[in-house]
Amino acid sequence: MSNDETPSDISPVDPEKPSVARAYDWYLGGSTNTPIDRAFAERILTVLPPAKTMAVDNRNFLRRAVTYLVDAGVRQFIDIGSGIPTVGNVHQVARDLAPDVKVAYVDNDPVAVTQSRLLLRDDPATTVIDADLRHPGAILDHQDTRALLDFEQPIALLMIAVLHFIPDRDDPAGIVAAYRDALPRGSYLALSHLTDETAPPELRQQVRTCINLYQNSASPLVARTRATLAQWLDGLDLVPPGVTVANQWKPDSTPRSGPDHDLVIAGLARLQQERS
Ligand SMILES: C[S@@+](CC[C@H](N)C(=O)[O-])C[C@H]1O[C@@H](n2cnc3c(N)ncnc32)[C@H](O)[C@@H]1O
């Protein structure tokens, strides 16, 4: 699909169901959400008060990772689970540093896809793909991905705050490996993910309650550990400080949005120049 398709080409939104993309938009202060999304997001906040802070912290990690990648010379991005185009999208962060950056955005939420296409319809250096990350081939071999990106040059593939919507039965390790194996040499994988491993017991219970609420949504949620993320990135060169709490990944001077809850972990790794 291409940027010039109209929103009517996209499957209709069910206004009766909350969407994780639109709830996340609300946490970030965006306005692309419905009363049902807001009610869902507010309910999550009552069981997991740090939810909003986590969204901001996660977004700050995204910004720092993209900044690092552009500084490292990367000019091509695939952002999977990109969400509603709120301020601070990958192309905006990257182009402040390098105007020639190209970005393929991917999401399976119809509103996220529609809004992204509207925002980017006049931007030929981006594309927006409506796809599920569980199908790497459908994304990597999509004609718009291939038309935009040069698979002879490094690509940074971002899966930021999205793999926690993939249950173990869908083999997230295998999915990450499929992306890793298809990317050009010198490419990068960036991940962030919900965790409860360092949370004190009360907070851990809040995360459990939140996960239970998500069981009834279209996107059930799962918490994982730093060891699991490190395993997914095994064999790649981990960029220091490795897989860690998102707030501790190359922190900058941006003020923290709230107390350090450490519920988001993150890592960035580079594929070696030569295949082993
Ligand atoms: C919490 S938001 C994260 C947005 C953005 N990556 C960020 O970190 O700011 C998660 C996004 O992943 C999308 N998503 C969830 N499951 C997905 C899947 N299986 N394939 C593609 N996108 C998915 C949701 O629609 C939502 O837009």
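None of these values were measured; they are calculated from a predicted model.

Attention now moves to the overall build of the protein chain. Tallying secondary structure elements over the protein chain gives 10 helices and 8 strands in all. A globule of 276 residues ought to have a C-alpha radius of gyration of about 19 Å, and the protein chain, at 18 Å, matches this closely. Taking the principal axes of the C-alpha coordinates as reference, the protein chain spans close to 50 × 45 × 40 Å. Looking at the protein chain as a whole, 45% of its 276 residues are labelled buried. Taking as baseline every contact in the protein chain between residues at least 6 positions apart, the subset at least 24 positions apart corresponds to 75%.

Another point: the site of the ligand. Taken together, 22 residues are adjacent to the ligand, and Ala21, Gly81, Gly83, Asp109 and Ile160 come closest. Elements represented by at least two residues in the shell around the ligand include exactly helix 1 (20–27) and helix 3 (51–71). Broken down by class, the residue content of the shell around the ligand amounts to 11 nonpolar, 6 polar and 5 charged.

With that settled, the discussion passes to the nonpolar core. Of all hydrophobic cores here, the largest spans 75 residues; its most connected members are Ile80, Ala156, Leu158, Met159 and Ala190. When residues no more than four places from it in sequence are discounted, the contact partners of Ile80 are Val106, Leu133, Ile139, Leu157, Leu158, Met159 and Val162.

Across the 5 residues of strand 4 (residues 156–160), 5 count as buried, placing the element largely inside the fold. Residues of strand 4 alternate between two faces, with Ala156, Leu158 and Ile160 on one and Leu157 and Met159 on the opposite face, all of them buried. Examined bridge by bridge, strand 1 (residues 76–80) and strand 4 share 3 bridges and lie parallel to one another. If you follow Phe77 over to strand 4, its bridge partner there is Ala156. Sheet topology places strand 4 next to strand 5 (residues 188–194); 5 bridges connect them, and they run parallel.

Our focus in this paragraph is the packing of helix 2 (residues 35–47) against helix 9 (residues 201–214). For the pair helix 2 and helix 9, interaxial distance at closest approach is 8 Å and the crossing angle is 155 degrees. The pairing of helix 2 with helix 9 is recorded here as roughly antiparallel in orientation. At the point where helix 2 passes helix 9, the crossing takes the right-handed sense. From helix 2, Arg43, Ile44 and Val47 reach across to helix 9, where they touch Gln206, Thr209, Cys210 and Leu213. Class assignment of the residues belonging to the contact of helix 2 with helix 9 gives a composition of 4 nonpolar, 2 polar and 1 charged.

Moving on, we come to the pairing of strand 2 (residues 102–107). Side-chain positions along a regular strand alternate between the two faces of the sheet. Within strand 2, 5 of the 6 residues are buried, which leaves the element mostly enclosed by the surrounding structure. For strand 1 and strand 2, the ladder comprises 5 bridges, and the chain directions are parallel. Paired with Asp79 across the strands is Tyr105, a residue of strand 2. Each parallel crossover has a hand, and the one from strand 1 via helix 4 (residues 90–95) to strand 2 is right-handed. Sheet topology note: the strand 2/strand 3 (residues 126–130) ladder contains 5 bridges and is parallel. Pairing of Asp107 across the sheet is with Asp130, part of strand 3. With helix 5 (residues 110–120) bridging strand 2 and the parallel strand 3, this β-α-β connection has right-handed handedness.

We now examine the confidence of the model for the protein chain. Looking at the protein chain, the pLDDT average stands at 90 and 91% of residues meet or exceed 70. Across residues 1–12, confidence stays below pLDDT 50; counting only partners more than four residues off in sequence or on other chains, it has 21 contacts.

Right, let's get into unusual backbone geometry. The peptide bond linking Pro240 to Pro241 adopts the cis configuration, its omega dihedral lying at 10 degrees. Of note, Pro241 is situated in the loop between strand 6 (237–238) and strand 7 (244–245). With a phi close to 60 degrees, Asp171 is a non-glycine residue in the positive phi region. Position of Asp171 among the secondary structure elements: in the loop between strand 4 and helix 8 (172–182). Backbone geometry places Lys250, a non-glycine residue, at a positive phi of 45 degrees.

Definitions and cut-offs
Residues numbered from 1 in each chain as written. Predicted model: local features only at pLDDT ≥ 70, side-chain atom pairs only at ≥ 80, totals over all residues. Helix = DSSP H or I, 4+ residues; strand = E, 2+ residues; numbered from the N terminus. Rg over C-alpha atoms; globule rule 2.2 N^0.38 Å. Buried ≥ 20, exposed ≤ 12 C-beta atoms within 10 Å, placed from the backbone. Contact = placed C-beta atoms within 7 Å. Near = placed C-beta within 6 Å. Nonpolar A, V, L, I, M, F, W, Y, C, P; charged D, E, K, R; others polar. Core = buried A, V, L, I, M, F, W, Y, C linked by C-beta atoms within 7 Å. Pairing = 2+ DSSP bridges. Axes fitted to C-alpha atoms, helices over the stretch in contact; angles between N-to-C directions. Parallel < 35°, antiparallel > 145°, perpendicular 65-115°, else oblique. Left-handed = near helix turned anticlockwise from the far one by under 90°. Right-handed = clockwise from strand over helix to strand, strands pointing away. pLDDT = per-residue confidence, 0-100.

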